[in-house]
Amino acid sequence: MFSDGERIIMQDSGIDMVFIMLIVARAITFMLVIPIHESAHGIVAGWLGDDTARKEGRITLNPFAHIDPIGLITMMILGIGWAKPVPVDPSKFKHRRLGYALVALAGPVSNLLAALTGCFIMVLSGCLITHSDQWFTVESVASPAGKAAFELLSNFITINVTLAVFNMIPLPPMDGFNFLRAFTPAKFDNWVFRNQRILSGIFFALIILGSRLLYVRVAFYFIIAAVAQLLYLMVSWIPLFFK
């Protein structure tokens with residue numbers, strides 16, 4: 001991407017272009033991914049009878065309707081972020097707790113489906129570019145524009161998987177916890193609702209603490225890698241058509 005001379009200049013000036021490019025890629029990808037996740041919550045809520053998200057303009061691919069500034073910054077720096085919660089009125093659901101669980105599950109599932117679509121495009125494009133059934137790397141792409149496109153697609157897959165795994169953490173206010181609430185006693189559910197702000201603060205404090213513990217980071221990224229590998233296996237049949 002850069003000449004040796006450009007690399008020397010950037011190194012001498014203290015500019016870590018790899019890190020800057022990573023941040024930019026994360027920001028762009030996050031703004032592509034977040035609308036999918038948040039709109040999925042609103043769409044499923046609409047199917048179940050609650051049109052609050054639609055009325056408030058949250059079923060849209062416009063990222064600025066969903067972006068939380070702090071969540072965007074943490075995504076660029078740490079690779080994990082969040083958006084503004086989609087408004088949901090469970091009282092409009094026929095089965096309140098089950099409906100809320102399905103709405104919560106819709107976000108992570110949408111991310112996994114988007115990541116799977118990215119894997120499909122990645123593998124198919126690789127086979128078409130290399131004219132073979134061999135798995136390819138970004139180095140296989142000749143043009144800088146092509147390399148950038150594949151890097152962006154790779155980030156799209158990774159961030160979708162990361163958000164799916166992150167959101168399924170069974171702690172408030174994450175989707176994983178909201179899904180599990182459907183199977184907990186009503187008294188516990190009411191207690192969580194009354195103390196949601198405090199519990200959310202505790203959760204984000206734990207996230208900051210956990211991000212500084214090596215074994216927590218290793219476990220988290222191991223899960224992400226395992227899920228991504230499973231998605232790639234689901235499209236591993238594509239190269240068979242190029243033998």
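Structure's up top.
Just so you know, these numbers come straight off a predicted model, no measurement behind them.

Asker: I keep staring at the overall build of the protein chain and nothing clicks. Help me out?
Answerer: Of the regular secondary structure elements, the protein chain holds 10 helices and zero strands. The N-to-C order of helical and strand elements in the protein chain reads α-α-α-α-α-α-α-α-α-α. For the protein chain, buried positions account for 40% of its 243 residues. Sequence separation of 24 or more characterises 72% of the internal contacts of the protein chain that already satisfy a separation of 6 or more. Total accessible area on the protein chain is roughly 13900 Å²; 71% of this is exposed by carbon and sulfur atoms.

Asker: How should the side chain of Asn160 be read in this particular structure?
Answerer: Relative to the elements of secondary structure, Asn160 occurs in helix H6 (residues 144-167). Looking at Asn160, its side chain comes within polar contact range of the main-chain oxygen of Phe156, at 2.9 Å. Not counting residues within four places of it along the chain, the set of residues in contact with Asn160 comprises Val33, Asn111, Ala114 and Ala115.

Asker: I tried to follow the nonpolar core on my own but got confused; where do I start?
Answerer: Soluble globular proteins: nonpolar side chains tend toward being buried together. Ranked by size, the top nonpolar core spans 34 residues in total, and within it Phe30, Val161, Leu163, Phe166 and Phe220 carry the most contacts. For this core, the secondary structure elements donating two or more residues are helix H2 (17-47), helix H4 (69-78), helix H5 (96-130), H6 and helix H10 (214-234). For this core, the leading source of residues is H6, giving nine residues.

Asker: Would you explain the pattern of salt bridges in this entry?
Answerer: One pass over the full model with this rule turns up four salt bridges. We note a salt bridge from Lys92 to Asp50, for which the minimum N-O separation is 4.0 Å. Taken together, the residues Lys92 in the loop between H4 and H5 and Asp50 in the loop between H2 and helix H3 (52-55) connect sequence positions 42 residues apart. Judged by relative accessible area, Asp50 falls into the buried class, the value being 1%. Across the pair Asp51 and Lys92 runs a salt bridge whose closest N-O atoms are separated by 3.5 Å.

Asker: What should I look at first to understand unusual backbone geometry in this one?
Answerer: When glycine is set aside, most residues are seen to have a negative phi, and most peptide bonds are trans. Cis rather than trans, the peptide bond between Pro172 and Pro173 has omega equal to 10°. Considering the arrangement of structural elements, one finds Pro173 in the loop between H6 and helix H7 (175-180).

Asker: Help me out: how do you make sense of the packing of aromatic side chains in this one?
Answerer: The relation between two aromatic rings is expressed through the spacing of the ring centres and the mutual angle of the planes. This structure, assessed with the given rule, holds six aromatic pairs. The interplanar angle of 65° and the centroid separation of 5.5 Å between the aromatic rings of Phe179 and Phe183 together place this pair among those described as edge-to-face. Note on Trp237 and Phe241: the rings are 6.0 Å apart at their centroids and 80° apart in plane angle, and the pair reads as edge-to-face.

Asker: Help me out: how do you make sense of the environment of Thr60 in this one?
Answerer: Topologically, Thr60 is positioned in the loop between H3 and H4. For the pair formed by Thr60 and Glu38, sequence separation is 22 residues and the distance between their alpha carbons is 8.6 Å. When residues no more than four places from it in sequence are discounted, the contact partners of Thr60 are Pro35, Ser39, Ala65 and His66. Only 3.0 Å separates the side chain of Thr60 from the backbone nitrogen of Asn62, close enough to count as a polar contact.

Asker: Hey, could you run me through the packing of H5 against H6 in this one?
Answerer: In a packed pair of helices, the relevant descriptors are the angle between the two axes and the axis-to-axis distance. Contact geometry for H5 and H6: axes closest at 8 Å, N-to-C directions at 155°. Viewed along their axes, H5 and H6 adopt a mutual orientation that is roughly antiparallel. Our pair here, H5 against H6, has a crossing hand that is left-handed. Across from Pro108, Asn111, Leu112, Ala114, Ala115, Gly118, Cys119, Ile121, Met122, Ser125 and Ile129 in H5, the residues of H6 making contact are Phe150, Leu153, Ser154, Phe156, Ile157, Asn160, Val161, Leu163, Ala164 and Asn167. Taken together, the residues that form the contact of H5 with H6 break down as 15 nonpolar, six polar and no charged.

About the cut-offs
Residues numbered from 1 in each chain as written. Predicted model: local features only at pLDDT ≥ 70, side-chain atom pairs only at ≥ 80, totals over all residues. Heavy atoms only, no water. Helix = DSSP H or I, 4+ residues; strand = E, 2+ residues; numbered from the N terminus. Buried < 20%, exposed > 50% of the residue type's maximum accessible area, 1.4 Å probe, protein only. Contact = heavy atoms within 4.5 Å. Areas by Shrake-Rupley, 256 points an atom, 1.4 Å probe, with all protein chains shown as cover. Polar contact = N/O pair within 3.5 Å; in protein donor to acceptor, adjacent residues only side chain to side chain. Core = buried A, V, L, I, M, F, W, Y, C linked by side-chain atoms within 4.5 Å. Salt bridge = Lys/Arg side-chain N within 4 Å of Asp/Glu carboxyl O. Phe/Tyr/Trp six-rings, centres within 6.5 Å; stacked < 30°, edge-to-face > 60°. Axes fitted to C-alpha atoms, helices over the stretch in contact; angles between N-to-C directions. Parallel < 35°, antiparallel > 145°, perpendicular 65-115°, else oblique. Left-handed = near helix turned anticlockwise from the far one by under 90°. Nonpolar A, V, L, I, M, F, W, Y, C, P; charged D, E, K, R; others polar.

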